[in-house]
Amino acid sequence: MNTPPVPDGDLALPHDELGPTEDLAANLSPPTRLSGPIPWVIAILIALVVIAAAGGLALRNLANNARADLADAVTVQIIEADVEGRAVQAEAASDALGAHPLVTSVRLVPEAELQELLEPWLGASAASENVPIPALIDVELSRAASADELAQLQSALDSALEPLGGGARVDAQSQWLRPVYDALLALQYLALALIALVSMATAAAVWLAARNAFINHRETVEIVHLLGGTDSQVTRIFERSVIREAAFGAVIGLLIGLAAVWLLGQQFASLDSGMVGGGGLALTDWIIIGAIPVGGVLLALITGRITIGYALRSML
Amino acid sequence: MSERPSEIVKFDNVGLRYGTDPEVLSDVSFTLFPGSFYFLTGASGAGKTSLLKLLYLSQRPSRGSIRMFGKDMITLPRGRLPDFRRRLGVVFQNFRLVEHLSAFDNVALPLRLAGTDEAKVLRSVTDMLEWVGLSHRMQAIPETMSGGEQQRVAIARAVIARPQILIADEPTGNVDPEMALKLLRLFEALNHRVGTTVIVATHDVHLLKKVPESLIMRLNKGRLSDPTGALRYPPMPKNNLVAERLGSAK
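Keep in mind that what you see is a predicted model, and the values were worked out from it rather than measured.

Things to note about the overall build of chain A
Broken down by element type, chain A carries eleven helices and four strands. Of all 316 residues assigned to chain A, the portion counted as buried reaches 32%. Within chain A, contacts between residues separated by at least 24 positions form 87% of all contacts whose residues are at least 6 apart in sequence.

Structure follows, in structure tokens:
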């Protein structure tokens, strides 16, 4: 009888000296089908995250742009029924404002412009002298003013107009927009909450998929274990299919999400509103959106690894 | 006269039960020595497969003590089990080949799990499959192979990494007498020339006579009978090579 062809030399290496197990994982990876439901579930979830993230970022940009435009501006109203007196007071107020260190520019809004602004509400009578219209002064400040500084501005105006028997009212534009800012902030939190929920749903989908894959291939796992395979070698086998399914779903989800964002962007752009125009997405926003599928794959990888790790611990 | 070899496996009052069922193994005690050849016999349901499961570290006992390669297997952390499993070669009763892998990849599995260089894997596996008469079936997957072919793949996989202990559960059950004899000679060759300890579970009483120097372990209703005490003492070395190996194992 011939000697059996047993290999020469030491064949087994200690764990920490094992070579890369990628080839082994490739050889052992159970054949997976991308036509299963999991890649598509991940695609839908990633699409939702992309839409929510794009919406949240657009709202943030919109709020920031509006705040930047309005935070360092105030409007001064001169309420005086007499046209000539109103003009004198407006002139005095403009002078007083121009002398204030916080003020960078003062513009007395022409009466014709005011009438044009009011015409949609008051009709042709807006141009009538019978309808007293306050004089408006647009004031730009060097920075956003605090409540104390606004009070100082009001006080300076009161001092200038008191000898003329008149008065003025200072309106910080950011104050009357505060409810709008609060609503935008709430919508951003809503987008964040949606992203968190969808991320959890993604993790749950991957957990179920990894657990089912483990159950379906338990026999292979047991054989690999009994032949001396380590937990990390077994985990790599499953990681490979998890990554493939998650990557496929993430790319499809990104494409669906981007298509939806583009369509929504077109709809809002057609509104031609100045405020909505501030809600465009910058390059950094697109980078964040582009990173979503990568994050999705990483989340799937970590979830899959934890799931398989727990499943392996139940085996000897 | 050679020195007595140190034990490679020692079972002491081992009991095994599944869940709350009665014990399938009770008070099993024996010692296996390096380079020895053992047959494990017993009627169906006597506990042969359960005993083999304990030996190939697929199961922990419900009670008793098991030492293998000088280590206590009961308290060994599961993370260290792969080191010990790589010293074992197992031929499972139902072969347990990986269904989606070819004959070549199934046989290569223990080498790849041990991180063996791929060139060496290719050479060793090709030689081994040629030796068991399957060189023309290297790329066949198990479901396209006959029972005998699958069994030969399982045996090739069990011996490819030159294990210190070879455990075979009914290894000749699905092959013709000629192939059965050839496989038995493979086990003997491993035992004689490499010093592998061999444990073969079988129903076939004719097989026992083919290896005269073997020791017989008889299981009866979960209890091991050893009327002569042969399982407590090392057998005499069979030839000089093994004697040298046994002596160096001390």
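After presenting the structure, the write-up continues.
Side note on the packing of helix α3 (residues 103–113) of chain B against helix α4 (residues 118–131) of chain B
Residue and element names in this part refer to chain B. Put simply, α3 and α4 touch, their axes get as near as 10 Å, and they point 130° apart. The angle between α3 and α4 falls in the class oblique. Between α3 and α4 lies a crossing whose hand is right-handed. Here α3 contributes Ala103, Phe104, Val107, Ala108, Leu111 and Arg112 to the contact with α4, which in turn contributes Val121, Ser124, Val125, Met128 and Leu129. Here the residues of the contact of α3 with α4 sort into nine nonpolar, one polar and one charged.

Some words on the nonpolar core
Formed by 120 residues in total, the largest nonpolar core has its most connected members in Ile42(A), Ile46(A), Val50(A), Val107(B) and Ile167(B). The greatest single-element share of this core, amounting to 20 residues, is contributed by helix α2 (residues 37–71) of chain A. Apart from the residues lying within four places of it in its own chain, the contact partners of Ile46(A) are Gly249(A), Ala250(A), Gly253(A), Leu254(A), Gly257(A), Ile292(A), Pro293(A) and Gly296(A). Counting residues in hydrophobic clusters, the runner-up holds 18 residues, among them Val74(A), Ala90(A), Ile137(A) and Ala172(A).

Notes on the confidence of the model for chain B
All names here are of chain B. Per-chain confidence: chain B averages 85 in pLDDT, with 88% of residues scoring 70 or above. Highest mean pLDDT in chain B belongs to strand β4 (residues 63–68) (95); lowest belongs to helix α8 (residues 240–249) (43). Within the model, pLDDT remains below 50 along residues 239–250, and this stretch shows 23 contacts once partners closer than five positions in the same chain are excluded. Among the scores for the predicted complex, ipTM is 0.85 and pTM is 0.69.

A word on unusual backbone geometry
Residues and elements named next belong to chain B. Despite not being glycine, leucine 57 shows a phi value in the positive range, around 60°. When the 24 C-beta atoms within 10 Å are taken as the criterion, leucine 57 is described as buried. Of note in the backbone geometry, phenylalanine 95 takes a positive phi value of approximately 70° without being a glycine. In this structure, phenylalanine 95 sits in the loop between β6 (88–91) and α3. The exposure class of phenylalanine 95 is buried, given the 22 C-beta atoms found within 10 Å.

Side note on the packing of helix α7 (residues 178–216) of chain A against helix α9 (residues 231–269) of chain A
Residue and element names in this part refer to chain A. For the pair α7 and α9, interaxial distance at closest approach is 11 Å and the crossing angle is 140°. On the basis of the axis angle, α7 is oblique to α9. Taken as a pair, α7 and α9 cross one another with a handedness that is right-handed. Taken together, the residues of α9 that come into contact with α7 (itself represented by Val206, Ala209, Ala210, Ala213 and Phe214) are Phe238, Ser241, Val242, Glu245 and Ala246. Among the residues making up the contact of α7 with α9, the classes are represented as eight nonpolar, one polar and one charged.

Observations regarding the sheet that holds β6(B)
All names here are of chain B. The strand order β6-β7-β8-β3-β9-β10 describes an open sheet built from six strands, whose pairing is mixed. Of all the strands in the sheet, just β6 and β10 (223–225) have a single pairing partner and so form its edges. With strand direction ignored, the average angle separating the axes of adjacent strands in the sheet is 20°. The sheet contact formed by β6 and strand β7 (residues 165–169) spans four bridges and is parallel. For leucine 88, the partnering residue across the bridge sits in β7 and is isoleucine 165. In the packing of helix α6 (residues 177–194) onto the sheet, contacts are made with β3 (37–42), β7 and β8 (197–201), and the angle to β8 comes to roughly 155°.

Notes on helix α3 (residues 83–99) of chain A
All names here are of chain A. Here α3 contains 17 residues, and its C-alpha end-to-end distance of 25 Å stays within 8% of the 24 Å for a straight helix at 1.5 Å per residue. Here α3 has its buried residues at Gln89, Ala90, Ala93, Ser94, Ala96 and Leu97. An end-on view of α3 places all buried positions within 165° of arc, on one side of the element. Away from its buried face by more than 90 degrees, α3 exposes Glu84, Asp95, Gly98 and Ala99. In this structure, the buried side of α3 is in contact with β1 (73–78), β2 (103–108), β3 (135–141), α5 (147–161) and β4 (168–172).

Notes on helix α8 (residues 218–226) of chain A
Owing to its 3.6 residues per turn, the α-helix aligns residues three or four sequence positions apart on the same side. Buried within α8(A) we find Thr220(A), Val221(A), Ile223(A), Val224(A), His225(A) and Leu226(A). At the C-terminal side of α8(A), Gly228(A) shows a positive phi close to 100°.

Structural notes on the sheet that holds strand β2 (residues 25–32) of chain B
All names here are of chain B. Here four strands make up an open sheet; going across it, the order is β2-β1-β4-β5 and the pairing antiparallel. Of all the strands in the sheet, the pair left with one neighbour each is β2 and β5 (71–72). Pairing of strand β1 (residues 9–16) with β4, which is carried by five bridges, proceeds in the antiparallel orientation. When the bridges of β4 are listed, lysine 10 appears paired with arginine 67. In the packing of helix α1 (residues 48–55) onto the sheet, the strands contacted are β1, β2 and β4, and the crossing angle to β1 comes to about 125°.

Rules of the game
- Residues numbered from 1 in each chain as written.
- Chains lettered and ligands numbered in written order.
- Predicted model: local features only at pLDDT ≥ 70, side-chain atom pairs only at ≥ 80, totals over all residues.
- Helix = DSSP H or I, 4+ residues; strand = E, 2+ residues; numbered from the N terminus.
- Buried ≥ 20, exposed ≤ 12 C-beta atoms within 10 Å, placed from the backbone.
- Contact = placed C-beta atoms within 7 Å.
- Axes fitted to C-alpha atoms, helices over the stretch in contact; angles between N-to-C directions.
- Parallel < 35°, antiparallel > 145°, perpendicular 65-115°, else oblique.
- Left-handed = near helix turned anticlockwise from the far one by under 90°.
- Nonpolar A, V, L, I, M, F, W, Y, C, P; charged D, E, K, R; others polar.
- Core = buried A, V, L, I, M, F, W, Y, C linked by C-beta atoms within 7 Å.
- pLDDT = per-residue confidence, 0-100.
- Pairing = 2+ DSSP bridges.
- Expected span 1.5 Å × (residues − 1).
- Arc of directions from axis to C-beta.

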